[in-house]
Amino acid sequence: MGNQSYKWVGTRQPRPDGADKVTGRARFGADFDMPGQLVGKVLRSPHAHANIRSIDTSKAKALRGVKAVITAADLPDMPDEMAPAGEVMVNLRDVTRNVMAREKALYDGHAVAAVAATSEAIAREALDLIEVDYEVLPHVIDVDGAVAADAPILHDHLRTDGDENAADTPTNVAKRIEFLKGDLDAGWAEAEVVVEGSFTTKPVHQGYIEPHAAVASATEDGQVQLWCSTQGQFNVRGYCAKLLDMQTSQIRVTPSEIGGGFGGKTVVYLEPLAIKLSQMAGKPVKLVMSREEVFRGSGPTSAGSMDVKLGATKDGRIVAADFTVRMQAGAFPGSPVGPACMCSFACYDIANVKVVGFDVVSNRPKVAAYRAPGSPVAAWGIESAINMLAEELGMDQIDLRLKNAAREGTKTHYGPTFKDIGMIATLEAAKNSPHYQTPLKASQGRGVAVGFWFNIGMDSSAACHIGEDGTVTLISGSPDIGGSRASLALMAAEELGIDYHKIRPIVADTASIGFNFLTGGSRVTFATGMAVVQAVRDAIDEMRARAAKLWEVDVEAVIWEDGCAKPAGSNVGDFDPMTLAEIAASAGKTGGPINGHAQLNAQGAGPGFGAQIYDVSVDADTGHTTVERCTVVQDVGTAIHPDYVEGQLQGGVVQGIGWALNEEYIYNDKGQLENTGFLDYRMPVASDLPMIEPIIVEVPNPSHPYGVRGVGEVPIVPPMAAIGNAIAEATGVRMTDLPMSPPKLSAALDAAKVRDAADD
Amino acid sequence: MAKNHVTTTINNEPVEFLCDTHETMLDVLRNDLGLTGSKEGCGSGDCGACTIMVDGRLACACLMLGAEAEGRTIETIEGMASGEELHPLQKKFVDEAALQCGICTPGVLVAAKALLERNPDPTETEVRYWLAGNLCRCTGYDKIIRAVMDTAAEMRAN
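Counting of residues starts from 1 at the beginning of each chain's written sequence and follows it residue by residue. The order in which chains are written sets their letters, starting at A; the order in which ligands are written sets their numbers, starting at 1. Given that this is a predicted model, residues contribute local features only at a pLDDT of at least 70 and side-chain atom pairs are listed and counted only at 80 or more, while totals for whole chains, interfaces and linings are drawn from all residues. Calculated side-chain values reflect all of the structure's heavy atoms, with hydrogen atoms and water omitted.

**Thoughts on the interface of chain B and chain A**
By definition, residues are in contact when any of their heavy atoms lie within 4.5 Å. Taken together, the contact between chain B and chain A spans 42 residues of the former and 48 residues of the latter. With both chains or domains summed, chain B and chain A bury close to 3,800 Å², and 59% of this area falls on carbon and sulfur atoms. A salt bridge links Asp31 of chain A to Lys39 of chain B; its shortest N-O distance comes to 2.4 Å. Polar contact is the term for a pair of N or O atoms within 3.5 Å; when the atoms are in protein, one must be able to donate a hydrogen and the other to accept it, and sequence-neighboring residues count only if both atoms are side-chain atoms. Applying the counting rule to chain B against chain A returns 22 residue pairs in polar contact (both at pLDDT 80 or more). Elements with a contribution of two residues or more to the side of chain B that touches chain A: helix H2 (88-95), helix H3 (105-118), helix H4 (124-130) and helix H5 (142-157) of chain B. Under the grouping applied here, Gly and all other residues not named as nonpolar or charged are polar, the nonpolar ones being Ala, Val, Leu, Ile, Met, Phe, Trp, Tyr, Cys and Pro and the charged ones Asp, Glu, Lys and Arg. Considered class by class, the residues forming the side of chain B that touches chain A number 20 nonpolar, 9 polar and 13 charged. Defined in terms of a 1.4 Å probe, buried area is the accessible area two parts forfeit on being brought together, summed over both. Any carboxyl oxygen of Asp or Glu that lies within 4 Å of a side-chain nitrogen of Lys or Arg is treated as forming a salt bridge with it. Each helix is a run of DSSP H or I of at least 4 residues and each strand a run of E of at least 2, with the numbering of both proceeding from the N terminus.

Below you can see the structure in the form of structure tokens.
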């Protein structure tokens, strides 16, 4: 698999930022300081739902050392206007209310005011002096509670978009969407076996170890510099310009190294507040969230409640599929209900499909993207139901999936027809894996599930500067969240035909490179990679032209090969190849500096498919599940840097294991979050886990020069259902609600025993 | 309130600083001494991103007061490489891609070095339990565990 003729692509080189990151030199969000900077702090609502009658900041402003205090009154209100943010569209009216509560506090932890002071102690004291008059309202946390007829209403103006039958009264259901394919009634008529079930997931946090951080420096002439930890400096610039009514060119955003994001750093929280405080104080202002603030005030992923029904013929052909999902958006509309519905049955070729989704608001932080947003929620229900079907049919769980797998020519239920996809190759690799071929150990269960993500393209710019000594600076605007500097430099080395170590890739600020959409959607190695390849080819064309000039031949008569300009054939003339270094050294005499540039909207993102296998054992007394063995298989198109591809697969799997077995938010009866630290929001630690065995499948994406599809999202889609399927096999108990934590699984096992005893 | 005058040793250098009594060692390192390699992921001793050595024992700098550094010997990530040479663990982490975002990496490396100084031949289970106090959200720990074990093997051979 893959093209073995590459010299650099597909090799495991040390990352260009490696030494910085193993020595503590790399500067992350909170590591940046400006001379004379003030310390900013945010006051947050202790109430899940409350009208804000008034905010009195006079005592805080009077405190010595306080240089600025802001509330929503200091930010311009925004119209109902949709703008892209990561993989979801957001409404600016809502975004300004999310960064600073206006009429209402909508969740515990919602920002209501912010201060800038000369010390942290003074800033904290100032927060205590701000008097907010709240009228506490009934709240609702859970998505099923929020759709109930008597639910507290978050937004009086909200009506259900897309539902013709909805009453013209306030609701928490912001949107209804529907996808139809074929004739579902005909499907049910044909079905010989039917399974159905209802499932729920809990919201989980992305869990990046680095809290949000920003330093803003505004000057008297209206310019702003901002340093922050973000997945997209251009998106931060765009958000801040809109929210503060500024021009984008007035704001220069420099992304720090980013200590994890997984989608959660695609939106703004602190950044506009830091700028506003700096503008008002006339000094730089630094804002850093505590871990508690990250949990209470930043976006988790959406939770879902769903109903699945599948019908199949006795030979295992799925002929009808019905899926309804209610997705929790948090305090403002905009859950990833669209992707959840589109990903739902994307792994399968099913003739008759109906998918309905609802976007539901409740008194929790507005959700943010988290790896393949929406897809894992849908997969929890659907991939569980697929195994229920396999059990009914007595079929092997991989064989049933193979029989119904999406393939070239499959028309999806959401519209597109697949070409060149690797679902079947991935399932076959899983079936033939050492793991699946090894007999299951006694008392363990083995579960499989598959997952899908579109992968995205979008806008990227890149530049390639040829240095006078023949080394190369490669400039992109995509924050490097997990090794993308290395993958971009590998593709550049392959194109240029020079040593990877002679290429220095950097991530530029918003003033130093053209627009780049954010790092997300598994787009950087695909889309920014495409821009890098084009920028390098632009520089190569210039180097060919320089050689042609020296040789006094047409540029078409010069080719680029193995790092050299060469005559295209013997008829061109008898010229020795000119190396990149030689061309660079003589650039001053042949026309000046040699640079390449590219800007593009990347088309043709290749869909990604994955399959995962888990062997688990369950402690019948405690309900504790141990993952004994795990294999992750995925079609990545081409693995540009296999180490970092494997790392994405392994990391996504382990986040999924946490989602499956342990992670959840715990609220008290006032709607306040009670597990606001890593001790109580327990993510997987090293001793919880086995090695994660990766199997890379390479079905190249024909739309990318090196066949890249994108890697990072798919691996978090299958784990929950695959582990649920393994637990079902190990215990005979089918879990339907996440997390399958010891107390819940223990209770389910006890209930099953009671039933068994009653049956006896 | 008067500040505390603290005399200590950090990465083999004598260091003096003034700190408020409530200031944590992590605040002192990061804000007063410019040693930002130790990271604050939680401030409550749960994530291990601020792991340092104090008199030869692992500690979370966020759980220690700056004033407690008086007379002690402190090692941070900034002291791990010697001159131009990375520590074998640092080199192996880069070579084997045992980091993605890199925010947990300094703490993981300080903890892993302490392990290998005590136990040059740890089992996989021993490495996993030793590093259980260092959260990593990117890697799934697989390549971290392998890099520590591979470094141990290499250091035993040399």
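**Points about the pairing of strand S1 (residues 4-10) of chain B**
Residue and element names in this part refer to chain B. Pairing between strands requires that DSSP locate at least two bridges from one strand to the other. Here S1 pairs with strand S2 (residues 13-19) via 7 bridges, running antiparallel. In the strand pairing of S2, Thr8 is matched with Val15. The hairpin formed by S1 and S2 contains 2 residues between the paired strands, and Asn11 there has a positive phi angle of roughly 50 degrees. When S1 meets strand S5 (residues 73-75), the two strands line up parallel, connected through 2 bridges. When the bridges of S5 are listed, Ile10 appears paired with Ile74.

**Quick word on the sheet that holds S5 of chain B**
Residue and element names in this part refer to chain B. Judged by pairing direction, the sheet is mixed, and its 5 strands sit side by side in the order S2-S1-S5-S3-S4 without closing on themselves. The open sheet is flanked by S2 and strand S4 (57-60), the only strands paired with a single partner. Across this sheet, the average inter-strand angle for adjacent strands is 40 degrees, counted without regard to direction. Orientation is described by lines fitted to C-alpha atoms, with helices fitted over the stretch in contact, and by angles between N-to-C directions that extend from 0 to 180 degrees. In this fold helix H1 (residues 25-32) packs onto S1, S2, strand S3 (51-54) and S5, with an angle of close to 105 degrees to the strand it touches most, S2.

**Section: the pattern of salt bridges**
Residue and element names in this part refer to chain A. All told, the structure shown has 53 salt bridges over all chains when counted by the stated rule. Note that Asp108 is salt-bridged to Arg296, the shortest N-O span being 2.7 Å. Note that Asp108 is positioned in the loop between strand S6 (104-105) and strand S7 (111-117) and Arg296 in helix H9 (residues 291-297), a separation of 188 residues in sequence. Both residues of the pair, Asp108 and Arg296, count as buried. Residue Arg485 pairs with Glu257 through a salt bridge whose shortest N-O separation is 2.6 Å. With Arg485 in helix H15 (residues 484-496) and Glu257 in the loop between strand S13 (251-255) and helix H8 (271-281), this residue pair connects regions lying 228 residues apart in the sequence. Classification of Glu257 as buried rests on a relative accessible area of 16%. Here the salt bridges share partners, and the residues they tie into one network are Arg15, Asp17, Lys21, Glu257, Asp480 and Arg485. Residue burial is assigned from relative accessible area. The probe radius is 1.4 Å, only protein chains are included, and a residue is buried under 20% of its type maximum, exposed over 50%, and partly exposed in between.

**Here we look at the packing of aromatic side chains**
Residues and elements named next belong to chain A. Note on ring pairs: Phe, Tyr and Trp rings are taken, using the six-membered ring of Trp, and paired if centres are within 6.5 Å. Classes follow the plane angle, with under 30 degrees stacked, over 60 edge-to-face and the rest tilted. One pass over the structure, following the stated rule, counts 19 aromatic pairs over all chains. When the ring of Tyr414 is compared with that of Phe454, the centres are 5.7 Å apart and the planes differ by 85 degrees; the resulting orientation is edge-to-face. Taken together, the residues span a long stretch of sequence, with Tyr414 in the loop between helix H12 (397-403) and helix H13 (423-431) and Phe454 in the loop between strand S18 (445-453) and strand S19 (458-466) at a distance of 40 residues. For Tyr414, a relative accessible area of 16% corresponds to the buried category. Ring centres of Tyr665 and Tyr667 lie 6.4 Å apart, and the angle between their planes is 35 degrees; this geometry places the pair in the tilted category. What makes Tyr665 buried here is its relative accessible area of 6%. The rings of Tyr414, Phe418, Phe452, Trp453, Phe454 and Phe609 are connected pair by pair, giving a single aromatic cluster. Taking the ring centre of Trp188 as reference, the NZ or CZ of Lys309 above it sits at 4.5 Å. For Arg364, the ring lying beneath its charged end belongs to Tyr665, and the centroid distance is 4.7 Å. The criterion for a charge sitting over a ring is simple: Lys NZ or Arg CZ within 6 Å of the ring centre, and within 35 degrees of the ring normal.

**What about the nonpolar core?**
Grouped together as the largest cluster of nonpolar side chains are 191 residues, with contacts concentrated most on Ile723 of chain A together with Phe93 of chain B. The leading source of residues in this core is helix H11 (residues 375-393) of chain A, at 11 residues. Among all residues touching Ile723 of chain A, those that are not within four sequence positions of it are Tyr614, Val616, Val627, Ile657, Ala660, Leu661 and Met740 of chain A. In this structure, Tyr500, Ile540, Trp560 and Ile640 of chain A belong to the second largest nonpolar core, which totals 50 residues. By nonpolar core is meant a set of buried Ala, Val, Leu, Ile, Met, Phe, Trp, Tyr and Cys residues that side-chain atoms within 4.5 Å join together.

**Quick look at the pairing of strand S21 (residues 503-507) of chain A**
Residues and elements named next belong to chain A. Where strand S20 (residues 472-476) meets S21, 5 bridges bridge the pair, whose relative direction is parallel. Looking at S21, one finds that Val472 is bridged to Ile503. A crossover gets the label right-handed when its path from the first strand over the helix to the second runs clockwise, viewed with the strands pointing away from the viewer. Running through H15, the crossover from S20 to the neighbouring parallel element S21 is right-handed.

Honestly, it's all geometry; don't read function into it.
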